[in-house]
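Each chain is listed here by its residues.
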Amino acid sequence: MDPVVIPILVAAIVVVFFVAATVRIVPQARRYNVERFGRYRRTLQPGLNFVLPVADRINTKLDVREQVYSSDPKPVITEDNLVVNIDTVLYYQITDPRAAAYEVADYLQAIDQLTVTTLRNVIGSMDLEGTLTSREEINARLRAVLDDATGKWGIRVNRVEIKAIDPPNTIKEAMEKQMRAERDKRAAILHAEGERQAKILTAEGTKQKDILEAQGTQQAMILRADGESKAVELVFQSVHRNNADAKVLAYKYLETLPHLAQSDNNTFWVIPGELTEAIRTVTHAFGDRASGTGPPPGARREDADDDFDGEDKDHVDAPEIQPNSTLALDAVAAADEAAKQAAVAVSDAKAEAEAAGETRMPGRGRAAEGSEG
């Protein structure tokens, strides 16, 4: 080998080593602390950096991104002397790499211990129920204390969260029983409220139904009464329009009389006092019409007025007859006999009237022919 080549190779190796020792490339979101002869010199920023070989060396490499630290469960005693295990989650970020490397030996351990101490101070002033329901307050107090303590370490605590609070098993069972009782209570209250509302609605519906039925019955009775009144009015107008006399009315009275005894629930009957007078009036009417003789209408009206003067013109009721007495049987027999006589009288009167009509028809024809001649 040529003696000149060897020195050239040695020089090249020395240059490569010198360049490799001088150039430092720092990744993004990283910070390198450089010491020169054991003393802090500077912090390398991301990108290409140059240092002195042999004199400068990189002491620490730090990540300045926001990081998450989850601590192990720590036992904490509450104000009511209950031991609970609390897990915390810490979100922090390195803001000063020099302080994080030289102001504290292990910033993670320091933060963990400070978190436990602060938790014991905060939880010690609260009972179990307050601890379980005041997580936001605990987080705010923890963050204030940690941010104040870690500021000189070059670390900013962005957020502190309580991940879990585990009370003893006996307390968990008691809490479950309490929650079950509360749920049963709410369920019973809701069920009672539902039944109450259902009863109220049912009562309202029944009330509305009764009101509507009563209104319907009222309207039906009003309409029925209007119809009956109009029917009576029409009958009254028809009677007056046709100028019906007392004979026709007496005949209709006798025709309606048998309907009084048609009901099965009647135990006694009242015989009107006008029965005999009505029979006499009808008999006289049909007798006079059949024979063609008799007193004139004026005389008959006067006789009828004289007959009615001796009696009550409004209404004469027979005395009530008890069904279990002997008089009741006699009254029943008398009523049956009177009804039979009335029916016979009516049928005889009809037959005589028909015969009288047939007899008088030829006379009327001859009279009509004589008048025409």
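What you see is a predicted model, and the numbers here were worked out from it, not measured in a lab.

Enquirer: Can you help me understand the overall build of the chain in this one?
Expert: Across its full length, the chain holds 10 helices and nine strands. The buried share among the 373 residues of the chain stands at 24%.

Enquirer: Explain the side chain of Arg31 here, please?
Expert: By secondary structure assignment, the location of Arg31 is in strand 2 (residues 30-36). For the buried Arg31, no salt bridge exists, and the shortest N-O distance to an oppositely charged side chain is 7.7 Å, to Asp63. Among the polar contacts listed, one links the side chain of Arg31 to the side chain of Gln45, at a separation of 3.2 Å. Residue contacts for Arg31: discarding those within four places in its chain leaves Thr43, Leu44, Gln45, Pro46, Thr60, Lys61, Leu62, Val64 and Pro97.

Enquirer: Hey, could you run me through empty space enclosed by the protein in this one?
Expert: Regions of empty space are outlined by a rolling probe, equal in size to a water molecule, passed over the atoms. What the rule picks out here adds up to two cavities of 30 Å³ or more. Lining the second largest cavity we find Tyr69, Ser71, Thr88, Leu90, Ile111, Asp112 and Thr115. Looking at the lining of the second largest cavity, the elements with two or more residues in it are strand 8 (83-94) and helix 3 (107-123). Across the lining of the second largest cavity, the residue classes break down as three nonpolar, three polar and one charged.

Enquirer: For this particular structure, what's the right way to read the nonpolar core?
Expert: A general trend in soluble globular proteins is that nonpolar side chains are found buried together. Counting 28 residues, the largest nonpolar core has Ile86, Leu90, Ile138 and Ile155 as its most contacted members. Per-element accounting of this core gives the leading share, six residues, to helix 3. Filtering out sequence-adjacent residues up to four positions away, Ile86 remains in contact with Asp72, Pro73, Lys74, Val76, Leu119, Ile123, Ile162, Ala164 and Ile165. Counting five residues, the second-largest nonpolar core is a separate cluster that includes Tyr32, Val34, Leu44 and Val51.

Enquirer: Got a minute to help me understand the environment of Glu66 in this structure?
Expert: Along the polypeptide, Glu66 turns up in the loop between strand 5 (56-63) and strand 6 (67-70). Since its relative accessible area comes to 46%, Glu66 is described here as partly exposed. Sequence-distant contacts of Glu66, defined by excluding residues within four places in its chain, comprise Tyr91, Tyr92, Gln93 and Asn158. For Glu66, the side chain forms a polar contact with the side chain of Asn158, separated by 3.1 Å.

Enquirer: How should the packing of aromatic side chains be read in this particular structure?
Expert: Remark: the centre distance and the inter-plane angle together describe each pair of aromatic rings, the angle taken between the planes. Counted under the stated rule, the structure contains two aromatic pairs. Summarising the aromatic geometry, the rings of Tyr40 and Tyr102 are spaced 5.6 Å apart at their centres and angled 70° between planes, so their arrangement reads as edge-to-face. Residue Tyr40 is located in strand 3 (residues 39-44), and its partner Tyr102 is located in helix 2 (residues 97-102); the two are separated by 62 residues in the primary sequence. For Tyr102, a relative accessible area of 32% corresponds to the partly exposed category. Seen in terms of ring centroids, Tyr92 and Tyr107 are 6.0 Å apart; in terms of plane orientation they differ by 65°. Their pairing is edge-to-face. Here Tyr92 is found in strand 8, whereas its partner Tyr107 is found in helix 3, with 15 residues between them in sequence. Comparing Tyr92 with Tyr107 shows no difference in burial state: the two are buried.

Enquirer: Which parts of the structure should I look at to understand a negative patch on the surface?
Expert: Judged by side-chain charge, Glu79, Asp80, Asp127 and Glu129 come together as a negatively charged surface patch. Note on placement: Glu79 falls in the loop between strand 7 (74-77) and strand 8.

Enquirer: What should I look at first to understand the sheet that holds strand 2 in this one?
Expert: The pairing of strands in a sheet comes from backbone hydrogen bonds and takes either a parallel or an antiparallel form. In spatial order, the strands read 3-2-5; together these three strands make up an open sheet with antiparallel pairing. Two strands lie at the open edges of the sheet, namely strand 3 and strand 5, each paired on one side alone. For this sheet, the mean angle separating the axes of adjacent strands, direction not counted, is 25°. As defined by bridge partners, strand 2 adjoins strand 3 across five bridges and the pair is classed as antiparallel.

Enquirer: Would you explain the pattern of salt bridges in this entry?
Expert: Opposite charge on two side chains lets them pair, provided their charged atoms get close. For the structure on display, the rule yields seven salt bridges. Taking the shortest distance from any N to any O, the salt bridge between Asp56 and Arg36 comes out at 2.5 Å. Of this pair, Asp56 sits in strand 5 while Arg36 sits in strand 2, and the two are 20 residues apart along the sequence. In this structure, Arg196 and Glu193 form a salt bridge, with 3.8 Å as the shortest nitrogen-oxygen distance. Residue Arg196 and its partner Glu193 are located together in helix 6 (residues 169-242), separated by three residues, close to a single helical turn. What makes Arg196 partly exposed here is its relative accessible area of 46%. Glu193 sits in the partly exposed class, given a relative accessible area of 38%. A cluster of three or more residues bridged by salt bridges with shared partners is formed by Arg30, Asp63 and Arg65.

Enquirer: Just checking my understanding: could you explain the side chain of Asn158 for this structure?
Expert: Mapped onto the elements of the fold, Asn158 is located in strand 9 (residues 155-166). A distance of 3.0 Å separates polar atoms of two side chains, one belonging to Asn158 and the other to Arg156.

Enquirer: So what exactly am I meant to see when it comes to the confidence of the model for the chain here?
Expert: Detailed reading of the predicted coordinates is not advisable wherever pLDDT is low. Confidence in the prediction for the chain averages 75 pLDDT; 64% of positions are at 70 or higher. In the model, residues 289-332 has pLDDT below 50 throughout and makes 32 contacts with residues more than four positions away in sequence or in other chains. Confidence over residues 359-373 falls short of pLDDT 50; this stretch has one contact with residues more than four positions distant or in other chains.

Cut-offs used in this document
Residues numbered from 1 in each chain as written. Predicted model: local features only at pLDDT ≥ 70, side-chain atom pairs only at ≥ 80, totals over all residues. Heavy atoms only, no water. Helix = DSSP H or I, 4+ residues; strand = E, 2+ residues; numbered from the N terminus. Buried < 20%, exposed > 50% of the residue type's maximum accessible area, 1.4 Å probe, protein only. Lys, Arg positive; Asp, Glu negative; His and termini not counted. Salt bridge = Lys/Arg side-chain N within 4 Å of Asp/Glu carboxyl O. Polar contact = N/O pair within 3.5 Å; in protein donor to acceptor, adjacent residues only side chain to side chain. Contact = heavy atoms within 4.5 Å. 1 Å grid on protein atoms, 1.4 Å probe; cavity = no way out; pocket = protein on both sides within 12 Å on 5 of 7 lines; lining within 4 Å. Points joined across faces, edges and corners; volume = space filled by probe spheres on them. Nonpolar A, V, L, I, M, F, W, Y, C, P; charged D, E, K, R; others polar. Core = buried A, V, L, I, M, F, W, Y, C linked by side-chain atoms within 4.5 Å. Phe/Tyr/Trp six-rings, centres within 6.5 Å; stacked < 30°, edge-to-face > 60°. Patch = residues over 30% accessible without salt bridge, like charges linked within 9 Å, V, L, I, M, F, W, Y side chains within 5 Å. Areas by Shrake-Rupley, 256 points an atom, 1.4 Å probe, with all protein chains shown as cover. Charge placed at Lys NZ, Arg CZ, Asp CG, Glu CD. Pairing = 2+ DSSP bridges. Axes fitted to C-alpha atoms, helices over the stretch in contact; angles between N-to-C directions. pLDDT = per-residue confidence, 0-100.

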